[in-house]
Amino acid sequence: MALNEQTIERLAEHLENCQLQVRDTPKITDEHPGMDWDDAYAIQDAILARKLSRGARVVGLKAGLTSHAKMRQMGVTHPVFGFLVDGYAVAEGAAVDTRALIHPKVEPEIAFVLKHALKGPGCHIGAVLAATDFVMPGIEVIDSRYRDFKFDLKSVIADNTSAARFVVGGRAVRPEGVDLRTVGVVLEKNGQPVALGAGAAVLGHPAAAIAMLANHLGRRGREIPAGSLILSGGVTEAVAVAAGDSVSLRVQGMGCTNLRFD
Ligand code: OOG
Ligand code: MG
């Protein structure tokens, strides 16, 4: 750790206030170029602690920057991990209030729900599939607290990987009932296809993102608990949205899920 406890708390408060007050900020590494990976996740943990102290509940986890399209779009080279709290969950077809968001974008994702806990190190795709109860389509709404979505990996980790809202829905499918590498993904905005892809865009197989998360947590003495919902990361580039837009995600063999913005 390069930052002291006080600085970590102050940066967590700053980033969370940006989220709560709907304003952006330059990336925090501008001011703290020496911060390390542990500092970045410690700031994220401190943001979670602030939310938990106000009664929030963790309802899921997420992997991000797991596809080349996303890494290229954001200019980074490695996946990142974050949390989802109850206030981020949107009901299928419901409207997201854009006044609570800075500059939202949507991403097509595959969501996993586990029946067994997963613990790294050494977690692999096979272990993930064996522990998966079902998979389903998920749309993530990201909303970086950084000006113009300009960040580096440590800054985006501290900002809980831009997490803001998500919806899951469509048809829940057992993992043996679908080839997650070849499954086709179509994201539509206002009825027009705006991003297309296949599951393999995510680290060759979306389950690899879940394995990476388990290994990441394992290094910190944690695990992915049984029953967890996990977003495995955007299959394509993220697409900007605004009030009035409706977005739907169709995943081959898994139906459709959607949300609106107003
Ligand atoms: C970081 C979050 C990326 C994904 O699925 O790749 C993410 C960002 O691009 O702002 O959630
Ligand atoms: Mg995402």
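You'll find the structure just up there.
What comes next is a walk through the structure.

Rules used in this analysis
- Residues numbered from 1 in each chain as written.
- Chains lettered and ligands numbered in written order.
- Predicted model: local features only at pLDDT ≥ 70, side-chain atom pairs only at ≥ 80, totals over all residues.
- Heavy atoms only, no water.
- Helix = DSSP H or I, 4+ residues; strand = E, 2+ residues; numbered from the N terminus.
- Expected span 1.5 Å × (residues − 1).
- Buried < 20%, exposed > 50% of the residue type's maximum accessible area, 1.4 Å probe, protein only.
- Contact = heavy atoms within 4.5 Å.
- Near = heavy atom within 4 Å.
- Polar contact = N/O pair within 3.5 Å; in protein donor to acceptor, adjacent residues only side chain to side chain.
- Areas by Shrake-Rupley, 256 points an atom, 1.4 Å probe, with all protein chains shown as cover.
- Nonpolar A, V, L, I, M, F, W, Y, C, P; charged D, E, K, R; others polar.
- Pairing = 2+ DSSP bridges.

### What to know about helix α6 (residues 206-219)
Now for step 1: The terminal C-alpha atoms of α6 lie 21 Å apart, and with 14 residues this matches the ideal 20 Å at 1.5 Å per residue to within 8%.
Now for step 2: In terms of residue burial, α6 counts as a mostly covered element, since 12 of its 14 residues are buried.
Now for step 3: Within the sequence span of α6, burial applies to Pro 206, Ala 207, Ala 208, Ala 209, Ile 210, Ala 211, Leu 213, Ala 214, Asn 215, His 216, Leu 217 and Gly 218.
Now for step 4: Buried positions along α6 lie against α2 (37-53), β1 (58-64), β2 (80-85), β4 (105-114), α4 (125-131) and β9 (229-231).
Now for step 5: Phi turns positive one or two residues past the end of α6, at Gly 221, with a value near 75°.

### Quick word on the site of ligand 1
Now for step 1: Every one of the 16 residues lining ligand 1 counts as a neighbour, but Leu 65, Lys 70, Glu 107, Ser 162 and Gly 234 are closest to it.
Now for step 2: Here an oxygen atom of ligand 1 and a side-chain polar atom of Glu 140 are 2.9 Å apart.
Now for step 3: Burial of ligand 1 by the protein amounts to 100% of the accessible area it has alone, namely 310 Å².
Now for step 4: Residues belonging to the shell around ligand 1 are distributed by class as follows: six nonpolar, five polar and five charged.

### Describing the sheet that holds strand β12 (residues 256-261)
Now for step 1: Across the sheet, which stays open at both edges, the five strands sit in the order β3-β12-β11-β7-β8 with mixed pairing between neighbours. Where the open sheet ends on each side, the last strands, each with one partner, are β3 (95-96) and β8 (192-198).
Now for step 2: By the bridge criterion, six bridges tie strand β7 (residues 184-189) to β8 in an arrangement that is antiparallel. By the bridge assignment for β8, Val 185 is matched with Gly 197.

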